[in-house]
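Next come the chains, spelled out residue by residue.
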Amino acid sequence: LKQLIETKAYIPVGEQRLICGARILGDSEVIVPAICEQLALSGHLGGQLQLTVLRIRRRLALSGHLGGTLLLWDLDNSWCTLRLPSDRGRVRAVAVDWPSMCAVAAYRVNAVLAWDLEQGVCTHTLEAHAHCVLCVAAGRASIGDSIQVLSGSASGDLRLWDLGDGGRCVKT
């Protein structure tokens, strides 16, 4: 059921909590006709199983490693849940647009990489700076807009990138 919810509603399985009546169902519980019958006998739900899905977002953090790897941490469990290796050298800065799970990282080799944290893949390589990229920011101007990335280099130049337009630099 949780896999179906993930597919249809785009809510990751780890962030789903199923509630039946006033009871939170455990991940190991199986929803069987016996539960429906029990609810019907107690006068709840008219014999139909009704579930509520709550999305409990995980508390996450992203860090960059000197060797070029990004690490995604689950702060509730103190686990590294994802490693994103890169051959671009030292990570100088990271930023995340958490609602879209899009991360950007500035690397020593004058590049910014955009990452899909849910899929664990690099989606865009942004290269146009003449010097080392020192800072990045990512976000949307408003709901429905594509993700934009702002990057700044050691020479003082700033670049604005639009990931919805293939990662094109739209302003310097």
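Above this text sits the structure in question.
What counts, and at which threshold
- Residues numbered from 1 in each chain as written.
- Predicted model: local features only at pLDDT ≥ 70, side-chain atom pairs only at ≥ 80, totals over all residues.
- Heavy atoms only, no water.
- Pairing = 2+ DSSP bridges.
- Helix = DSSP H or I, 4+ residues; strand = E, 2+ residues; numbered from the N terminus.
- Axes fitted to C-alpha atoms, helices over the stretch in contact; angles between N-to-C directions.
- Core = buried A, V, L, I, M, F, W, Y, C linked by side-chain atoms within 4.5 Å.
- Buried < 20%, exposed > 50% of the residue type's maximum accessible area, 1.4 Å probe, protein only.
- Contact = heavy atoms within 4.5 Å.
- Salt bridge = Lys/Arg side-chain N within 4 Å of Asp/Glu carboxyl O.

**Digging into the sheet that holds strand 13 (residues 158-162)**
Item 1. Spatially, the four strands line up as an open sheet ordered 11-12-13-14, and their pairing is antiparallel. Single-partner strands in this sheet number two, and they are strand 11 (133-139) and strand 14 (168-171). Going from strand to strand, the sheet's axes swing by 30° on average, the running direction of each strand aside.

**Some thoughts on the nonpolar core**
In globular proteins that are soluble, nonpolar side chains generally tend to be buried together.
Item 1. Formed by 15 residues in total, the largest nonpolar core has its most connected members in Leu62, Leu70, Tyr107, Trp115 and Leu117.
Item 2. At the level of secondary structure, the elements contributing two or more residues to this core comprise strand 4 (60-64), strand 5 (70-74), strand 6 (79-84), strand 7 (91-97), strand 8 (102-107) and strand 9 (111-116).
Item 3. Looking at this core element by element, the count peaks at three residues for strand 8.
Item 4. Setting aside its immediate chain neighbours within four residues, tryptophan 115 contacts Leu70, Leu84, Pro85, Ser86, Met101, Cys102, Ala103, Tyr107, Val121, Cys122 and Thr123.

**Thoughts on the pattern of salt bridges**
Item 1. Per the counting criterion, the structure on display carries five salt bridges.
Item 2. A salt bridge links arginine 140 to aspartate 97, with the shortest nitrogen-to-oxygen separation between them at 3.8 Å. Here aspartate 97 lies in strand 7 and arginine 140 lies in the loop between strand 11 and strand 12 (148-153), a separation of 43 residues in the sequence.
Item 3. With relative accessibility at 40%, the residue arginine 140 sits in the partly exposed group.
Item 4. Salt-bridge contacts for arginine 159 lead to aspartate 157; the nearest nitrogen and oxygen are separated by 3.5 Å.
Item 5. On the accessibility criterion, arginine 159 (17% relative accessible area) is buried.

**Regarding the pairing of strand 9**
Item 1. Within strand 9, five of the six residues are buried, leaving the element largely enclosed by the surrounding structure.
Item 2. Relative to strand 9, strand 8 runs antiparallel, the two being bridged by six bridges. Its bridge partner lying in strand 9, alanine 105 is registered against leucine 113.
Item 3. Between strand 8 and the antiparallel strand that follows it, strand 9, lie three residues; asparagine 110 among them carries a positive phi value of about 65°.
Item 4. Looking at chain direction, strand 9 and strand 10 (residues 121-127) are connected through six bridges and run antiparallel. By the bridge assignment, aspartate 116 is partnered in strand 10 with valine 121.
Item 5. Taking the residues that link successive antiparallel strands as the turn, the strand 9-strand 10 hairpin has four residues, and the phi of glycine 120 there is positive, at about 75°.

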